[in-house]
Amino acid sequence: MVRLKRLMKTTGIIVIALLLSLSFTTSSQAALLGWDLVDNNKHLDWNSDSKYISSINDAMNLWESYKSGIIRPDTASEREDVFLTDYNQVSSTIASTSSNGIIRFNDYHYTDMSNGERLKTTTHEFGHALGLAHTFGKRDIMRQGKVSITKLSSTDKRSYDDAYLTY
Amino acid sequence: MRKILFVLLLIPTLILSACYSSNEASINDLPVTKLTGSFSIDVNDLTQIVGDADYVFVAEVTDEVETLYKHPVTIETENGPKEVSDPYTKYAIQVVDNIKGKLKNNKKFDILKAGGISQDKESIVLYENDELLQVGKYYILAAYAQPDGSLLVSGPNSSSALTEMGKSKIVSSKEYKEYKEAFKNEMKSERKRFKSSHEM
Ligand SMILES: [Zn+2]
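Residues numbered from 1 in each chain as written. Chains lettered and ligands numbered in written order. Predicted model: local features only at pLDDT ≥ 70, side-chain atom pairs only at ≥ 80, totals over all residues. Heavy atoms only, no water.

## Remarks on the nonpolar core
- Counting residues in hydrophobic clusters, the biggest one holds 33 residues, and the most contacted among them are A:Trp63, A:Ile71, A:Phe126 and A:Leu130.
- Listing elements by their share of this core, those giving two or more residues are strand 1 (44-48), helix 2 (53-64), strand 3 (82-87), strand 4 (93-98), strand 5 (102-106), helix 4 (115-129) and helix 5 (154-164) of chain A.
- Element by element, the count of residues in this core is highest for helix 2 of chain A, at five residues.
- Setting aside chain neighbours within four positions, we find A:Leu130 in contact with A:Asp36, A:Val38, A:Leu44, A:Trp63, A:Ile70, A:Ile71, A:Tyr160, A:Ala163 and A:Tyr167.
- Within the second largest apolar cluster, 29 residues are counted, among which are B:Leu35, B:Val96, B:Tyr144 and B:Leu152. (Core = buried A, V, L, I, M, F, W, Y, C linked by side-chain atoms within 4.5 Å. Buried < 20%, exposed > 50% of the residue type's maximum accessible area, 1.4 Å probe, protein only. Helix = DSSP H or I, 4+ residues; strand = E, 2+ residues; numbered from the N terminus. Contact = heavy atoms within 4.5 Å.)

This is the structure in C-alpha coordinates:
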(Lines give C-alpha, C1' and ligand atoms only; values in the text may rest on other atoms or scores of the structure.)
Protein backbone atom coordinates (compact mmCIF):
# COMPACT_ATOMS: atom_id res chain seq x y z
CA MET A 1 0.00 0.00 0.00
CA VAL A 2 2.76 2.42 1.00
CA ARG A 3 4.63 1.39 -2.12
CA LEU A 4 1.66 2.09 -4.33
CA LYS A 5 1.22 5.53 -2.79
CA ARG A 6 4.86 6.33 -3.35
CA LEU A 7 4.64 5.15 -6.93
CA MET A 8 1.59 7.32 -7.55
CA LYS A 9 3.36 10.33 -6.02
CA THR A 10 6.45 9.84 -8.16
CA THR A 11 4.39 9.39 -11.32
CA GLY A 12 2.45 12.53 -10.45
CA ILE A 13 5.63 14.54 -10.04
CA ILE A 14 7.02 13.23 -13.32
CA VAL A 15 3.81 14.10 -15.19
CA ILE A 16 3.75 17.63 -13.73
CA ALA A 17 7.44 18.12 -14.57
CA LEU A 18 6.84 16.93 -18.13
CA LEU A 19 3.86 19.26 -18.57
CA LEU A 20 5.88 22.17 -17.18
CA SER A 21 8.86 21.51 -19.45
CA LEU A 22 6.49 21.18 -22.41
CA SER A 23 4.95 24.59 -21.74
CA PHE A 24 8.48 26.04 -21.47
CA THR A 25 9.66 24.63 -24.78
CA THR A 26 6.61 25.49 -26.87
CA SER A 27 6.60 29.16 -25.86
CA SER A 28 8.31 31.39 -23.32
CA GLN A 29 6.50 32.75 -20.27
CA ALA A 30 4.56 36.00 -20.46
CA ALA A 31 6.12 38.70 -18.28
CA LEU A 32 5.24 42.13 -16.88
CA LEU A 33 7.45 44.99 -15.69
CA GLY A 34 5.23 46.06 -12.80
CA TRP A 35 4.87 49.56 -14.26
CA ASP A 36 3.53 51.04 -17.50
CA LEU A 37 2.93 54.41 -19.14
CA VAL A 38 -0.70 53.76 -20.11
CA ASP A 39 -3.07 56.50 -18.85
CA ASN A 40 -6.32 56.18 -16.89
CA ASN A 41 -8.37 56.02 -20.09
CA LYS A 42 -6.37 52.95 -21.21
CA HIS A 43 -4.55 54.96 -23.85
CA LEU A 44 -0.88 55.32 -24.63
CA ASP A 45 -0.76 58.72 -26.35
CA TRP A 46 2.64 59.45 -27.84
CA ASN A 47 4.45 62.48 -29.15
CA SER A 48 7.81 62.52 -30.84
CA ASP A 49 10.63 64.54 -32.35
CA SER A 50 12.37 61.37 -33.59
CA LYS A 51 13.55 60.97 -37.17
CA TYR A 52 12.54 57.28 -37.09
CA ILE A 53 8.85 58.17 -37.45
CA SER A 54 8.09 55.45 -39.99
CA SER A 55 9.37 52.75 -37.58
CA ILE A 56 7.30 54.35 -34.82
CA ASN A 57 4.14 54.21 -36.94
CA ASP A 58 4.85 50.61 -38.00
CA ALA A 59 5.47 49.61 -34.37
CA MET A 60 2.24 51.27 -33.26
CA ASN A 61 0.33 49.47 -36.04
CA LEU A 62 1.83 46.12 -35.04
CA TRP A 63 0.46 46.39 -31.47
CA GLU A 64 -2.78 47.99 -32.71
CA SER A 65 -3.40 45.08 -35.09
CA TYR A 66 -3.73 42.91 -31.98
CA LYS A 67 -5.59 45.34 -29.67
CA SER A 68 -6.87 48.53 -31.22
CA GLY A 69 -7.51 51.97 -29.76
CA ILE A 70 -4.72 51.95 -27.19
CA ILE A 71 -1.54 53.35 -28.77
CA ARG A 72 -2.40 56.65 -30.46
CA PRO A 73 -0.50 59.67 -31.73
CA ASP A 74 -0.92 62.56 -29.32
CA THR A 75 -3.57 65.18 -30.11
CA ALA A 76 -3.75 68.80 -28.94
CA SER A 77 -6.44 67.96 -26.39
CA GLU A 78 -4.64 64.93 -24.89
CA ARG A 79 -1.50 65.11 -22.81
CA GLU A 80 1.17 62.70 -24.08
CA ASP A 81 1.92 59.60 -22.03
CA VAL A 82 5.23 58.91 -23.73
CA PHE A 83 7.67 61.05 -25.70
CA LEU A 84 9.92 59.40 -28.30
CA THR A 85 13.24 61.01 -29.13
CA ASP A 86 16.76 60.34 -30.49
CA TYR A 87 20.19 60.70 -28.92
CA ASN A 88 23.72 59.65 -29.77
CA GLN A 89 26.03 57.71 -27.48
CA VAL A 90 28.64 54.99 -27.84
CA SER A 91 27.24 52.19 -25.64
CA SER A 92 25.45 48.86 -25.90
CA THR A 93 22.07 50.58 -25.48
CA ILE A 94 20.12 50.50 -28.76
CA ALA A 95 17.08 52.15 -27.21
CA SER A 96 15.62 52.70 -23.75
CA THR A 97 12.28 53.34 -22.08
CA SER A 98 12.13 55.14 -18.76
CA SER A 99 9.35 54.96 -16.22
CA ASN A 100 9.09 58.77 -16.40
CA GLY A 101 7.72 58.52 -19.94
CA ILE A 102 10.58 58.86 -22.41
CA ILE A 103 11.67 56.41 -25.13
CA ARG A 104 15.10 57.14 -26.59
CA PHE A 105 16.55 55.72 -29.79
CA ASN A 106 20.35 55.67 -29.95
CA ASP A 107 21.54 56.99 -33.35
CA TYR A 108 24.85 55.18 -32.84
CA HIS A 109 22.98 51.92 -33.46
CA TYR A 110 19.78 53.03 -35.22
CA THR A 111 21.46 54.74 -38.18
CA ASP A 112 22.85 51.50 -39.60
CA MET A 113 20.06 49.14 -38.58
CA SER A 114 17.79 47.39 -41.11
CA ASN A 115 14.08 48.24 -41.22
CA GLY A 116 13.29 44.89 -39.56
CA GLU A 117 15.76 45.55 -36.73
CA ARG A 118 14.34 49.04 -36.22
CA LEU A 119 10.78 47.72 -36.23
CA LYS A 120 11.69 45.04 -33.67
CA THR A 121 13.38 47.54 -31.34
CA THR A 122 10.73 50.26 -31.67
CA THR A 123 7.91 47.73 -31.09
CA HIS A 124 9.93 46.36 -28.14
CA GLU A 125 10.18 49.82 -26.52
CA PHE A 126 6.44 50.42 -27.02
CA GLY A 127 6.02 47.02 -25.36
CA HIS A 128 7.89 48.32 -22.28
CA ALA A 129 5.66 51.44 -22.28
CA LEU A 130 2.68 49.03 -22.28
CA GLY A 131 4.16 47.32 -19.21
CA LEU A 132 5.72 44.27 -20.85
CA ALA A 133 8.99 42.84 -19.52
CA HIS A 134 11.62 40.82 -21.36
CA THR A 135 10.81 37.29 -22.46
CA PHE A 136 13.06 34.62 -23.89
CA GLY A 137 11.34 33.13 -26.92
CA LYS A 138 13.36 33.28 -30.13
CA ARG A 139 10.56 35.07 -32.00
CA ASP A 140 9.46 37.35 -29.16
CA ILE A 141 9.46 41.09 -29.84
CA MET A 142 10.22 41.35 -26.10
CA ARG A 143 13.44 39.31 -26.34
CA GLN A 144 16.81 41.04 -26.21
CA GLY A 145 19.22 41.69 -29.04
CA LYS A 146 19.73 43.52 -32.34
CA VAL A 147 17.58 41.23 -34.50
CA SER A 148 14.88 41.60 -37.13
CA ILE A 149 11.35 40.60 -35.99
CA THR A 150 8.26 41.93 -37.72
CA LYS A 151 5.43 40.01 -35.98
CA LEU A 152 4.14 39.63 -32.44
CA SER A 153 4.70 36.16 -30.97
CA SER A 154 2.06 34.33 -28.96
CA THR A 155 4.08 35.19 -25.83
CA ASP A 156 4.07 38.90 -26.74
CA LYS A 157 0.30 38.71 -27.12
CA ARG A 158 -0.17 36.88 -23.82
CA SER A 159 2.04 39.41 -22.02
CA TYR A 160 -0.07 42.21 -23.54
CA ASP A 161 -3.29 40.46 -22.45
CA ASP A 162 -1.91 40.22 -18.90
CA ALA A 163 -0.75 43.85 -18.94
CA TYR A 164 -4.13 45.04 -20.23
CA LEU A 165 -5.81 43.60 -17.12
CA THR A 166 -3.68 45.92 -14.97
CA TYR A 167 -4.57 49.19 -16.81
CA MET B 1 12.89 28.61 26.19
CA ARG B 2 11.31 29.54 22.88
CA LYS B 3 10.57 33.02 24.14
CA ILE B 4 14.19 33.58 25.12
CA LEU B 5 15.33 32.40 21.72
CA PHE B 6 12.88 34.74 20.07
CA VAL B 7 14.09 37.73 22.08
CA LEU B 8 17.70 36.80 21.41
CA LEU B 9 17.02 36.78 17.69
CA LEU B 10 14.93 39.93 17.82
CA ILE B 11 17.57 42.15 19.42
CA PRO B 12 20.26 41.86 16.71
CA THR B 13 17.55 42.18 14.04
CA LEU B 14 16.38 45.45 15.54
CA ILE B 15 19.93 46.77 15.86
CA LEU B 16 20.78 45.79 12.30
CA SER B 17 17.66 47.34 10.82
CA ALA B 18 18.25 50.55 12.78
CA CYS B 19 21.81 50.75 11.38
CA TYR B 20 20.58 50.17 7.86
CA SER B 21 17.86 52.78 7.98
CA SER B 22 20.21 55.45 9.36
CA ASN B 23 22.84 54.67 6.70
CA GLU B 24 20.42 54.62 3.86
CA ALA B 25 18.75 57.93 4.58
CA SER B 26 18.79 60.79 2.03
CA ILE B 27 19.58 59.76 -1.57
CA ASN B 28 18.68 56.08 -1.15
CA ASP B 29 15.20 56.92 0.07
CA LEU B 30 14.32 58.49 -3.26
CA PRO B 31 12.12 56.48 -5.63
CA VAL B 32 13.84 54.92 -8.63
CA THR B 33 13.02 55.98 -12.17
CA LYS B 34 13.62 52.76 -14.05
CA LEU B 35 15.38 52.53 -17.37
CA THR B 36 14.73 49.41 -19.35
CA GLY B 37 16.64 48.99 -22.54
CA SER B 38 17.29 47.08 -25.71
CA PHE B 39 20.93 46.13 -25.84
CA SER B 40 23.11 45.16 -28.76
CA ILE B 41 24.67 42.36 -26.70
CA ASP B 42 23.50 39.78 -24.19
CA VAL B 43 24.25 41.74 -21.03
CA ASN B 44 24.23 38.51 -19.02
CA ASP B 45 27.15 37.07 -21.00
CA LEU B 46 30.48 38.28 -19.65
CA THR B 47 32.36 37.42 -22.86
CA GLN B 48 30.03 39.82 -24.68
CA ILE B 49 30.26 42.53 -22.00
CA VAL B 50 34.07 42.38 -22.26
CA GLY B 51 34.09 41.98 -26.05
CA ASP B 52 31.81 44.94 -26.68
CA ALA B 53 33.54 47.32 -24.24
CA ASP B 54 36.70 49.21 -25.26
CA TYR B 55 38.30 49.02 -21.82
CA VAL B 56 37.85 46.66 -18.90
CA PHE B 57 39.78 47.45 -15.74
CA VAL B 58 39.90 47.37 -11.96
CA ALA B 59 39.57 50.79 -10.36
CA GLU B 60 39.06 52.42 -7.01
CA VAL B 61 36.36 55.07 -6.96
CA THR B 62 38.04 57.98 -5.18
CA ASP B 63 35.39 60.67 -5.50
CA GLU B 64 31.90 61.42 -6.71
CA VAL B 65 32.44 64.65 -8.65
CA GLU B 66 29.10 65.84 -10.00
CA THR B 67 25.99 64.83 -11.95
CA LEU B 68 25.70 65.92 -15.58
CA TYR B 69 22.36 66.19 -17.39
CA LYS B 70 22.30 65.27 -21.06
CA HIS B 71 19.87 64.97 -23.95
CA PRO B 72 17.16 67.34 -22.63
CA VAL B 73 13.61 66.95 -23.94
CA THR B 74 10.51 68.95 -23.05
CA ILE B 75 7.53 66.81 -22.11
CA GLU B 76 4.00 67.77 -21.10
CA THR B 77 3.06 67.05 -17.50
CA GLU B 78 0.08 67.75 -15.27
CA ASN B 79 1.83 70.97 -14.28
CA GLY B 80 2.66 72.09 -17.81
CA PRO B 81 5.79 71.58 -19.92
CA LYS B 82 8.85 70.22 -18.11
CA GLU B 83 12.42 69.71 -19.27
CA VAL B 84 13.71 66.20 -18.57
CA SER B 85 17.32 65.09 -19.08
CA ASP B 86 19.24 61.91 -18.43
CA PRO B 87 21.55 62.04 -15.42
CA TYR B 88 25.15 60.85 -15.70
CA THR B 89 27.23 60.61 -12.53
CA LYS B 90 30.87 61.66 -12.83
CA TYR B 91 33.34 59.75 -10.66
CA ALA B 92 37.07 60.23 -10.12
CA ILE B 93 38.80 56.87 -10.32
CA GLN B 94 42.27 55.40 -9.90
CA VAL B 95 42.99 52.46 -12.19
CA VAL B 96 44.56 49.54 -10.31
CA ASP B 97 44.81 46.97 -13.10
CA ASN B 98 43.99 46.78 -16.81
CA ILE B 99 42.21 43.67 -18.10
CA LYS B 100 41.40 44.96 -21.60
CA GLY B 101 43.13 48.04 -23.05
CA LYS B 102 45.77 50.15 -21.32
CA LEU B 103 44.56 53.06 -19.22
CA LYS B 104 46.89 55.22 -17.13
CA ASN B 105 47.37 53.77 -13.68
CA ASN B 106 49.57 56.51 -12.26
CA LYS B 107 46.99 59.28 -12.33
CA LYS B 108 43.36 59.73 -11.29
CA PHE B 109 40.85 60.68 -13.96
CA ASP B 110 37.09 61.03 -14.36
CA ILE B 111 34.59 58.65 -15.92
CA LEU B 112 30.85 58.99 -16.47
CA LYS B 113 28.29 56.42 -15.45
CA ALA B 114 24.78 56.39 -16.91
CA GLY B 115 22.29 57.05 -14.11
CA GLY B 116 22.16 59.20 -11.01
CA ILE B 117 19.96 61.70 -9.25
CA SER B 118 17.32 63.22 -11.53
CA GLN B 119 17.41 66.90 -12.47
CA ASP B 120 14.41 67.66 -10.24
CA LYS B 121 16.20 65.80 -7.40
CA GLU B 122 13.08 63.69 -6.91
CA SER B 123 14.29 60.30 -8.03
CA ILE B 124 17.29 58.15 -8.86
CA VAL B 125 17.47 57.13 -12.52
CA LEU B 126 18.94 53.66 -13.01
CA TYR B 127 18.97 50.77 -15.46
CA GLU B 128 17.49 47.50 -14.21
CA ASN B 129 20.07 45.42 -12.30
CA ASP B 130 22.34 48.42 -12.00
CA GLU B 131 23.62 50.49 -9.10
CA LEU B 132 25.52 53.70 -8.53
CA LEU B 133 29.17 53.44 -7.56
CA GLN B 134 30.36 54.07 -4.02
CA VAL B 135 33.40 56.14 -3.11
CA GLY B 136 36.15 54.03 -1.54
CA LYS B 137 35.03 50.80 -3.20
CA TYR B 138 36.84 48.82 -5.89
CA TYR B 139 35.08 47.78 -9.09
CA ILE B 140 35.70 45.99 -12.32
CA LEU B 141 34.38 48.42 -14.93
CA ALA B 142 33.58 47.90 -18.61
CA ALA B 143 33.80 51.26 -20.38
CA TYR B 144 33.08 52.72 -23.81
CA ALA B 145 35.31 55.44 -25.29
CA GLN B 146 33.26 58.32 -26.67
CA PRO B 147 34.24 60.33 -29.77
CA ASP B 148 35.60 63.09 -27.47
CA GLY B 149 37.94 60.61 -25.70
CA SER B 150 35.94 60.42 -22.47
CA LEU B 151 34.87 57.10 -20.93
CA LEU B 152 31.30 55.95 -20.30
CA VAL B 153 30.14 53.05 -18.12
CA SER B 154 26.55 52.22 -19.00
CA GLY B 155 23.92 49.55 -18.55
CA PRO B 156 23.38 46.27 -16.71
CA ASN B 157 26.55 44.46 -15.56
CA SER B 158 28.87 47.26 -16.66
CA SER B 159 30.23 47.51 -13.12
CA SER B 160 31.00 44.74 -10.70
CA ALA B 161 31.71 45.62 -7.07
CA LEU B 162 34.67 43.82 -5.47
CA THR B 163 34.80 42.77 -1.87
CA GLU B 164 38.59 42.58 -1.79
CA MET B 165 40.70 45.72 -1.32
CA GLY B 166 44.20 46.18 -2.70
CA LYS B 167 45.72 44.91 -5.93
CA SER B 168 47.27 41.64 -4.77
CA LYS B 169 44.05 40.38 -3.18
CA ILE B 170 41.92 41.56 -6.09
CA VAL B 171 43.96 39.84 -8.81
CA SER B 172 43.56 36.53 -7.00
CA SER B 173 39.81 36.99 -6.49
CA LYS B 174 37.19 34.87 -8.24
CA GLU B 175 35.58 37.86 -10.00
CA TYR B 176 38.89 39.06 -11.41
CA LYS B 177 39.68 35.61 -12.78
CA GLU B 178 36.23 35.42 -14.38
CA TYR B 179 36.84 38.68 -16.23
CA LYS B 180 40.35 37.53 -17.27
CA GLU B 181 38.82 34.34 -18.63
CA ALA B 182 36.04 36.29 -20.37
CA PHE B 183 38.67 38.50 -22.01
CA LYS B 184 40.48 35.40 -23.31
CA ASN B 185 37.21 34.23 -24.88
CA GLU B 186 35.81 37.68 -25.66
CA MET B 187 33.11 38.01 -28.31
CA LYS B 188 34.26 41.17 -30.02
CA SER B 189 31.46 43.16 -31.66
CA GLU B 190 31.79 44.86 -35.02
CA ARG B 191 31.23 48.54 -34.35
CA LYS B 192 32.90 51.91 -34.81
CA ARG B 193 35.29 52.33 -31.90
CA PHE B 194 37.01 55.35 -30.38
CA LYS B 195 40.09 55.82 -28.23
CA SER B 196 40.23 57.04 -24.63
CA SER B 197 42.29 60.16 -23.90
CA HIS B 198 43.42 58.39 -20.71
CA GLU B 199 45.46 55.66 -22.39
CA MET B 200 49.03 55.10 -21.17
ZN1 LIG C 1 13.92 45.80 -23.42
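## Some remarks on the coordination of the zinc ion
- Protein ligation of the zinc ion involves A:His124 (NE2), A:His128 (NE2), A:His134 (NE2) and B:Gly37 (O), the donor distances falling in the range 2.0 to 2.6 Å.
- Bound by four donor atoms, the zinc ion shows angles of 95 to 128° at the metal and therefore tetrahedral coordination geometry. The two residues A:His128 and A:His134 agree in class, both being buried. (Donors = N, O, S within 2.8 Å, 3.2 Å for Na, K, Ca; no water. Tetrahedral: all angles 85-135°; square planar, octahedral: opposite > 155°, others 65-115°.)

## Focus: helix 5 of chain A
Residue and element names in this part refer to chain A.
- When we look at burial in helix 5, the residues that qualify are Thr155, Asp156, Ser159, Tyr160 and Ala163. Seen end-on, helix 5 carries its buried residues on one side only, within an arc spanning 140°.
- Turning to helix 5, the residues buried within the fold contact helix 2. (Arc of directions from axis to C-beta.)

## Overview of the packing of aromatic side chains
All names here are of chain A.
- Enumeration according to the criterion identifies eight aromatic pairs over all chains in this entry.
- Ring geometry for Trp46 against Phe126: centres 6.4 Å apart, planes inclined by 65°, an arrangement best described as edge-to-face. Taken together, the residues Trp46 in strand 1 and Phe126 in helix 4 connect sequence positions 80 residues apart. Like Trp46, the residue Phe126 is buried in the burial classification.
- When the ring of Tyr164 is compared with that of Tyr167, the centres are 5.6 Å apart and the planes differ by 70°; the resulting orientation is edge-to-face.
- Connected via pairs of aromatic rings, a cluster forms that spans Tyr52, Phe105 and Tyr110.
- Residue placement shows Lys67 over the ring face of Tyr160; its charged tip is 5.4 Å from the ring centre.
- Over the ring of Tyr164 we find Lys67, and its NZ or CZ is 5.1 Å from the ring centre. (Phe/Tyr/Trp six-rings, centres within 6.5 Å; stacked < 30°, edge-to-face > 60°. Lys NZ or Arg CZ within 6 Å of the ring centre and 35° of its normal.)

## Comments concerning unusual backbone geometry
- Of note, A:Lys42 is a non-glycine position whose phi angle comes to about 60°, a positive value.
- As for its position among the elements, A:Lys42 is in the loop between helix 1 (2-26) and strand 1.
- With relative accessibility at 32%, the residue A:Lys42 sits in the partly exposed group.
- A positive phi is found at B:Lys121, a non-glycine position, where the angle reads about 60°.

Function cannot be inferred from these measures alone, as they are strictly geometric.
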